[in-house]
Amino acid sequence: MRVLIIEDDVKTASFIAKGFKEAGMVVDTAHDGIDGLDLLMTRKYDAAVLDLMLPELDGLSLLGRARAARVKTPVIILSAKRSVNERIEGLKRGGDDYLVKPFAFSELLARVQAITRRSGDTQTDHAEKLRVADLELDPWKREASRAGETIPLHAREFVLLEHLMRNQGRVVSKTSILENVYEYHFDPQTNVVDVLMCRLRAKIDKDYSPKLIHTVRGMGYVLRPES
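Residues numbered from 1 in each chain as written. Predicted model: local features only at pLDDT ≥ 70, side-chain atom pairs only at ≥ 80, totals over all residues. Heavy atoms only, no water.

## Focus: the pattern of salt bridges
(1) Moving on: Under the criterion given, the structure shown has 17 salt bridges.
(2) Moving on: As a salt-bridge pair, Lys-101 and Glu-7 come within 2.9 Å of each other at their nearest N and O atoms. Here the residue Lys-101 occupies a position in the loop between strand E5 (97-100) and helix H5 (105-118), and Glu-7 occupies one in the loop between strand E1 (2-6) and helix H1 (10-22), the gap between them amounting to 94 residues.
(3) Moving on: The class for Glu-7 is buried, based on a relative accessible area of 1%.
(4) Moving on: The salt bridge partner of Arg-111 is Asp-97, with a shortest N-O separation of 2.9 Å. Separated by 14 residues along the polypeptide, Arg-111 in helix H5 and Asp-97 in strand E5 bring together distant segments of the chain.
(5) Moving on: Judged by its relative accessible area of 22%, Arg-111 falls in the partly exposed class.
(6) Moving on: Beyond isolated ion pairs, a larger network of salt bridges with shared partners links Arg-2, Asp-28 and Arg-43. (Salt bridge = Lys/Arg side-chain N within 4 Å of Asp/Glu carboxyl O. Helix = DSSP H or I, 4+ residues; strand = E, 2+ residues; numbered from the N terminus. Buried < 20%, exposed > 50% of the residue type's maximum accessible area, 1.4 Å probe, protein only.)

The structure is reproduced here in structure tokens:
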């Protein structure tokens, strides 16, 4: 799941982003309304978290422009404004939910998951279970299993497996993994991908047949039953 956070307070944005990443989500962050609108209109997200008091362009104006451009991404409004009228105005402008600051992160996470389910996942179709051979992954329950046995995965292992399964049969490069699993847009000059892949293989393939994760020398990795 990919989520956009538009929040000018760096500490608050970092706190939310950290929680989402721990829940296995991919997160983009913008700290002003102009950058936030640009991301919302040019990339696909499963949900967005939007503060109202933003520099450059306020949250309600941003939301109005996005909806006028037919951006359908579900949006949760975050605001210190508590009055009923202010909440109604936010929903009228195109917000899908409204959460008053200060808030509990667990509630925000639950609301993001709820509005994405209600939207039918029209942006990226993440609700369905993924299957390759006897390997199954449930994105919503954050569960993976093989041959009916539950496989415990750490958050980043889960994101990597989901990325491979959504690209089953296609070679996934290390650059793609760095961008989609680690959110690196540069080469960190380390073997983090190899280490993570080794850990995932030990859980997914070591005690099972057929083997599913294969190295394509000089290109990357592919998830498919071995022929």
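## As for the packing of aromatic side chains
Geometry of an aromatic ring pair is reported as the spacing of the ring centres plus the angle between the planes.
(1) Moving on: Inspection of the entire model under this criterion finds two aromatic pairs.
(2) Moving on: Aromatic pair Phe-15 and Phe-105: ring centres 6.0 Å apart, planes at 75°, arrangement edge-to-face. Here Phe-15 is found in helix H1, whereas its partner Phe-105 is found in helix H5, with 90 residues between them in sequence.
(3) Moving on: Of the residues examined, Phe-105 reaches a relative accessible area of 17% and is grouped as buried.
(4) Moving on: When the ring of Phe-20 is compared with that of Phe-105, the centres are 5.5 Å apart and the planes differ by 50°; the resulting orientation is tilted. Of this pair, Phe-20 sits in helix H1 while Phe-105 sits in helix H5, and the two are 85 residues apart along the sequence. (Phe/Tyr/Trp six-rings, centres within 6.5 Å; stacked < 30°, edge-to-face > 60°.)

## Describing the sheet that holds strand E9 (residues 149-150)
(1) Moving on: The sheet built from four strands is open, its strands ordered E6-E7-E8-E9 with antiparallel pairing. The strands lining the two open edges of the sheet, one partner per strand, are strand E6 (130-132) and E9.
(2) Moving on: As defined by bridge partners, E6 adjoins strand E7 (residues 135-138) across three bridges and the pair is classed as antiparallel. Bridging across to E7, Val-132 finds its partner in Leu-135.
(3) Moving on: Packing of helix H6 (residues 155-166) onto the sheet brings it into contact with E6, E7 and strand E8 (143-146), and relative to E7 it is tilted by some 115°. (Pairing = 2+ DSSP bridges. Contact = heavy atoms within 4.5 Å. Axes fitted to C-alpha atoms, helices over the stretch in contact; angles between N-to-C directions.)

## Quick look at the nonpolar core
Side chains of a nonpolar character, in soluble globular proteins, are inclined to be buried together.
(1) Moving on: In terms of nonpolar packing, the biggest core is built from 27 residues, with Leu-160, Leu-161, Leu-164, Met-165, Ile-177 and Ile-204 touching the most fellow members.
(2) Moving on: For this core, the secondary structure elements donating two or more residues are E6, E7, H6, helix H7 (174-180), helix H8 (192-204) and strand E11 (220-223).
(3) Moving on: A per-element tally of this core places H6 first, with six residues.
(4) Moving on: Apart from the residues within four sequence positions on either side, Met-165 is in contact with Leu-130, Arg-131, Val-132, Leu-135, Leu-137 and Leu-223. (Core = buried A, V, L, I, M, F, W, Y, C linked by side-chain atoms within 4.5 Å.)

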